[in-house]
Amino acid sequence: MWHLPGPRTYGQQFCDRITGMTRPSTHVEPHGFIGVIRHYIRDLVYGANDGIITTFAVVAGVAGGALSSIAVLIVGTANLAADGVAMGVGNLLAIRANESALEADGLPQQEAYPWKHGLATLVAFVVAGSVPLVPYVLPLQQEMQLRSSAVMTMAALFAVGTARAAATRERWWRTGLEMLVLGGLVAMAAYGAGALVAAVAHS
């Protein structure tokens, strides 16, 4: 009769490290472009979606508060740097914590390279999150900058949603609309909050 392995004691884990033994692993390293995208799809979508939404939320909030274009760029860039690194590190630590819990339960390893997932999240966040800031480096009127940023943000959200469908075989229009609607709600909430604060401050 076969028995599932029970939790390994700290002594057993220490002995495994000393003797060079490693625990069983179900990790499969991806190959090919589509294979890599599918392997990191959760991290890429998570990072891109949060990057677009949070950056535009900052843009909308600052613009709603009637601040300058320079202020939008400064706050938006700071958001990209701080939140991007925080999300990448957070994803890495979350995967490592999950692997430690699996190891404590005597279960096989699922992910051999948590840092790669953290890096994928960071890169997706910064690249996609830069989109809402593009109009603010162009010689446009301030009202047009916000409108252009909103259009580019909605287009980027829809594009990320459809790209997800290409890797997961879901319906592209459904995944695109899902990200578009959710992102639009967050953007409107951010702009409304900024406008409300500005109205109270000037009253």
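Here the structure is a predicted model, which means the values were calculated and not measured.

**Structural notes on the nonpolar core**
Moving on, step 1. Residues Phe 56, Val 59, Val 62, Val 72, Leu 133, Tyr 136 and Leu 146 are the most contacted members of the largest nonpolar core, which totals 17 residues.
Moving on, step 2. Broken down by element, the residue count for this core peaks at seven residues, all from helix 3 (residues 41-64).
Moving on, step 3. Ile 52, Ala 128, Val 131 and Leu 157 belong to the second largest nonpolar core, which has ten residues in total.

**Things to note about a nonpolar patch on the surface**
Moving on, step 1. On the surface, a cluster of nonpolar side chains totalling about 470 Å² of accessible area is made up of Val 134, Val 137, Leu 138, Leu 140, Met 144 and Met 152.
Moving on, step 2. By relative accessible area, which is 58% here, Val 137 ends up exposed.

**Remarks on the confidence of the model for the protein**
The predicted structure's coordinates, where accompanied by low pLDDT, should not be read in detail.
Moving on, step 1. When pLDDT is averaged along the protein, the result is 84, and 89% of the positions lie at 70 or above.
Moving on, step 2. Per-residue pLDDT, averaged within each element of the protein, yields its smallest value for helix 1 (residues 10-19) (48) and its largest for helix 5 (residues 114-129) (96).
Moving on, step 3. For residues 1-9, every residue scores under 50 in pLDDT, and the model assigns this stretch twelve contacts once sequence neighbours within four places are set aside.

**Section: the pattern of salt bridges**
Moving on, step 1. A complete count under the given rule lists three salt bridges for this structure.
Moving on, step 2. The residue Glu 29 makes a salt bridge to Lys 116 at a minimum N-O spacing of 3.0 Å. Placement of Glu 29 in the loop between helix 1 and helix 2 (33-39) and of Lys 116 in helix 5 is noted, with a sequence separation of 87 residues between them.
Moving on, step 3. Given the relative accessible area of 28%, Glu 29 is considered partly exposed.
Moving on, step 4. Sharing partners across several salt bridges, the network here consists of Arg 164, Glu 170 and Glu 178.

Parameters at a glance
Residues numbered from 1 in each chain as written. Predicted model: local features only at pLDDT ≥ 70, side-chain atom pairs only at ≥ 80, totals over all residues. Heavy atoms only, no water. Core = buried A, V, L, I, M, F, W, Y, C linked by side-chain atoms within 4.5 Å. Buried < 20%, exposed > 50% of the residue type's maximum accessible area, 1.4 Å probe, protein only. Helix = DSSP H or I, 4+ residues; strand = E, 2+ residues; numbered from the N terminus. Patch = residues over 30% accessible without salt bridge, like charges linked within 9 Å, V, L, I, M, F, W, Y side chains within 5 Å. Areas by Shrake-Rupley, 256 points an atom, 1.4 Å probe, with all protein chains shown as cover. Salt bridge = Lys/Arg side-chain N within 4 Å of Asp/Glu carboxyl O. pLDDT = per-residue confidence, 0-100. Contact = heavy atoms within 4.5 Å.

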